[in-house]
Amino acid sequence: MDSPRRRGRRPKKYSQAARLHDLIRILEMRYGATVAELVEECRVTRRTIYRDLQALMDAGYPLVSGRQADGHVVYRFVTGFSKIPPLTLSLDELMTLYLCRGQLEFLQGTPFSEDLEAIFSRLRSMLPPRSIAHLERIAEAFSPRFQGYKDYSSQRQILVDLRQALLKQQRCRINYRPAQRASHSYLIDPYTLLFYNNALYVGAYAHNRKDIRLFAIDRIESVSLEPQRFEVPEDYHPGQLTGRAFGLIDDGPGYELELEFTAGVAHLIRERVWHPLQQIEEHQDGTLSLRFFASGDKEILAWLYSYVPHVRVIRPEPLRRRFIDGLQMALAAQLTNEGRP
């Protein structure tokens, strides 16, 4: 039953372009079709259908698949994609895209970087050479500078598999090695890919823990896709991944912070939003007080140490004590190593 030739029907001889046109027409007319149905309608082999379906996905068509109750896999387009009007961009919008591309240069060697290059290749093919040269000059005007970023080029396949799991809501199993700990296997439903501080994380429901967890991409050793699909809960929001954390890690009940910065750095604090509910109070001597509620001692302390000696922890007392202890440890280590080559 795999081949139309076995049923006494001669395979249809026509170009791949014509076959792809027929596939698009069939899939647009229906909610979905199985490979067997496509073989019957197009009068080609199953191998040809699989190859053509892959060609559609490679060309950017939003093709998804799902298993029916009877076990057959149905291929279909994302609902409503054919009604999307052609995309047109102004020069201002193209300039913004070039700016965003520059900010993601730390993803070199990953599938995301490859996708970006494919997008810009298509854009260049639609524009006259003079416009392309103008945009490239604009792109050179934006020069991002990354410090302490992670190299994900060796994890390209892991990111390819995770991208598929995120797009198709496909359950997967990962081997994950936390810092300074042994590797552990997790069965996860990936919900969100999170960018933070030039690093990538996947937010997922971990079946082992029966809760939402964050996994650093660079600590994932392997990914295997499972056949099961999952649904993202309607009440899910990416903000649940970090809770009340100052950064990423919500490791406690949290507390109200009050910090004081000297006049020399007050403008640096004033110019940024450090927390959505922050309160700033400026004093006549030029100093500045910053107040907000958050959790995550390690990330808060790391941020505070970057402003030493221009910051003072007013409250809470436990954090103030830890801040002082860290300063004393650093000073003791520095004095101990004085005179060493």
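Please refer to the structure placed before this passage.
What counts as what
Residues numbered from 1 in each chain as written. Predicted model: local features only at pLDDT ≥ 70, side-chain atom pairs only at ≥ 80, totals over all residues. Heavy atoms only, no water. Helix = DSSP H or I, 4+ residues; strand = E, 2+ residues; numbered from the N terminus. Buried < 20%, exposed > 50% of the residue type's maximum accessible area, 1.4 Å probe, protein only. Areas by Shrake-Rupley, 256 points an atom, 1.4 Å probe, with all protein chains shown as cover. Core = buried A, V, L, I, M, F, W, Y, C linked by side-chain atoms within 4.5 Å. Contact = heavy atoms within 4.5 Å. Expected span 1.5 Å × (residues − 1). Arc of directions from axis to C-beta. Axes fitted to C-alpha atoms, helices over the stretch in contact; angles between N-to-C directions. Parallel < 35°, antiparallel > 145°, perpendicular 65-115°, else oblique. Nonpolar A, V, L, I, M, F, W, Y, C, P; charged D, E, K, R; others polar. Phe/Tyr/Trp six-rings, centres within 6.5 Å; stacked < 30°, edge-to-face > 60°. Patch = residues over 30% accessible without salt bridge, like charges linked within 9 Å, V, L, I, M, F, W, Y side chains within 5 Å. Salt bridge = Lys/Arg side-chain N within 4 Å of Asp/Glu carboxyl O. Polar contact = N/O pair within 3.5 Å; in protein donor to acceptor, adjacent residues only side chain to side chain. Pairing = 2+ DSSP bridges.

Chemist: How do you make sense of the overall build of the protein chain when you look at a structure like this?
Modeler: In terms of helices and strands, the protein chain carries ten helices and twelve strands. A burial count over the protein chain gives 36% of its 341 residues as buried. Carbon and sulfur atoms form 52% of the exposed surface of the protein chain, whose accessible area is close to 21300 Å².

Chemist: Would you mind going over the nonpolar core with me for this structure?
Modeler: Note on soluble globular proteins: their nonpolar side chains tend to be buried together. Tyr 152, Ile 174, Ile 188, Phe 215, Ile 217 and Ile 220 are the most contacted members of the largest nonpolar core, which has 25 residues in total. Elements supplying a minimum of two residues to this core: α7 (156-168), β4 (170-176), β5 (184-196), β6 (199-206), β7 (211-216) and β8 (220-229). Other than its neighbours up to four places away in sequence, Phe 215 contacts Ile 174, Tyr 176, Tyr 186, Ile 188, Leu 200, Tyr 201, Val 202, Ala 204, Ala 206 and Ile 220. Ranked by size, the runner-up nonpolar core spans 22 residues in total, among them Phe 246, Tyr 255, Leu 301 and Val 313.

Chemist: Explain helix α3 (residues 46-58) here, please?
Modeler: Every α-helical turn comprises 3.6 residues, leaving residues that sit three or four positions apart pointing alike. An ideal rise of 1.5 Å per residue puts 18 Å on 13 residues; α3 measures up with 18 Å between its terminal C-alpha atoms. Taken together, the buried positions of α3 are Thr 48, Ile 49, Asp 52, Leu 53 and Leu 56. Projection of α3 onto a plane perpendicular to its axis shows the buried side chains occupying an angular sector of 135°, all on one side. Away from its buried face, by an angle of more than 90 degrees, α3 presents the exposed residues Arg 47 and Asp 58. In this structure, the buried side of α3 is in contact with α1 (16-29), α2 (35-42), β2 (63-67) and β3 (73-77).

Chemist: Would you explain unusual backbone geometry in this entry?
Modeler: With the exception of glycine, most residues fall at negative phi, and the peptide bonds are largely trans. With an omega of 10°, the peptide bond between Val 308 and Pro 309 qualifies as cis. Following the sequence through the fold, Pro 309 ends up in the loop between α9 (297-305) and β12 (311-315). A cis geometry characterises the amide bond from Arg 315 onward to Pro 316, with omega recorded as 10°. For Pro 316, the location among the structural elements is in the loop between β12 and α10 (317-336). A positive phi angle is found at Gln 180, which is not glycine, with a value near 60°. Mapped onto the secondary structure, Gln 180 falls in the loop between β4 and β5.

Chemist: Please clarify how the side chain of Ser 65 should be interpreted in this entry.
Modeler: Mapped onto the secondary structure, Ser 65 falls in strand β2. Relative accessible area serves as the criterion here: at 16%, Ser 65 is assigned to the buried category. Leaving out residues up to four positions away in the same chain, Ser 65 has contacts with Val 73, Val 74, Tyr 75 and Arg 229.

Chemist: What is the right way to read the packing of α1 against α3 from this model?
Modeler: Packed helices, taken two at a time, are described by the angle their axes make and the gap between the axes. Remark: α1 packs on α3, axes separated minimally by 10 Å, with the N-to-C direction vectors making an angle of 80°. Our classification of the angle between α1 and α3 gives roughly perpendicular. Of the residues in α3, those touching α1 at Gln 16, Arg 19, Leu 20, Leu 23, Ile 24 and Leu 27 are Thr 48, Ile 49, Asp 52, Leu 53, Ala 55 and Leu 56. In terms of residue class, the contact of α1 with α3 is made up of eight nonpolar, two polar and two charged.

Chemist: I keep staring at the packing of aromatic side chains and nothing clicks. Help me out?
Modeler: Aromatic ring pairs are defined here through the distance separating the ring centres and the angle between the ring planes. This model, assessed by the stated rule, comprises 14 aromatic pairs. Judged by centre distance (6.0 Å) and plane angle (75°), the ring pair of Trp 303 and Tyr 307 falls under edge-to-face. No difference in accessibility class separates Trp 303 from Tyr 307, as the two residues are buried. Each member of the aromatic cluster is reached from another via a ring pair, and the members are Phe 246, Phe 261, Trp 274, Phe 292, Trp 303 and Tyr 307.

Chemist: Any chance you could explain a nonpolar patch on the surface here in plain terms?
Modeler: Side chains of Tyr 305, Val 308 and Leu 327 sit close together on the surface and give an oily, nonpolar patch of about 210 Å² of accessible area. The exposure class of Val 308 is partly exposed, given its relative accessible area of 37%.

Chemist: Where do I start with the side chain of Gln 170 in this structure?
Modeler: Note on placement: Gln 170 falls in strand β4. With relative accessibility at 11%, the residue Gln 170 sits in the buried group. Within polar-contact distance, the side chain of Gln 170 engages the backbone oxygen of Glu 226 at 3.0 Å. Ignoring sequence-local partners within four residues, the contact set of Gln 170 consists of Gln 164, Ala 165, Pro 190, Leu 225, Glu 226, Gln 228, Arg 229 and Phe 230.

Chemist: Looking at this structure, how should I read the sheet that holds strand β9 (residues 255-261)?
Modeler: Backbone hydrogen bonds hold the strands of a sheet together, and the pairing may be parallel or antiparallel. Taken together, the four strands give an open sheet; going across it, the order is β10-β11-β9-β12, and neighbouring strands pair in antiparallel fashion. Single-partner strands in this sheet number two, and they are β10 (279-282) and β12. Neighbour to neighbour, the strand axes of the sheet diverge by 25° on average, direction disregarded. Judged from the seven bridges that link them, β9 and strand β11 (residues 288-294) form a sheet pairing that is antiparallel. Bridge pairing links Glu 258 to Arg 291 in β11. Running at roughly 5° to β9, α9 makes contact with β9, β11 and β12 of the sheet. In this fold α10 packs onto β9 and β12, with an angle of close to 150° to the strand it touches most, β12.

Nothing here speaks to function; it is geometry throughout.
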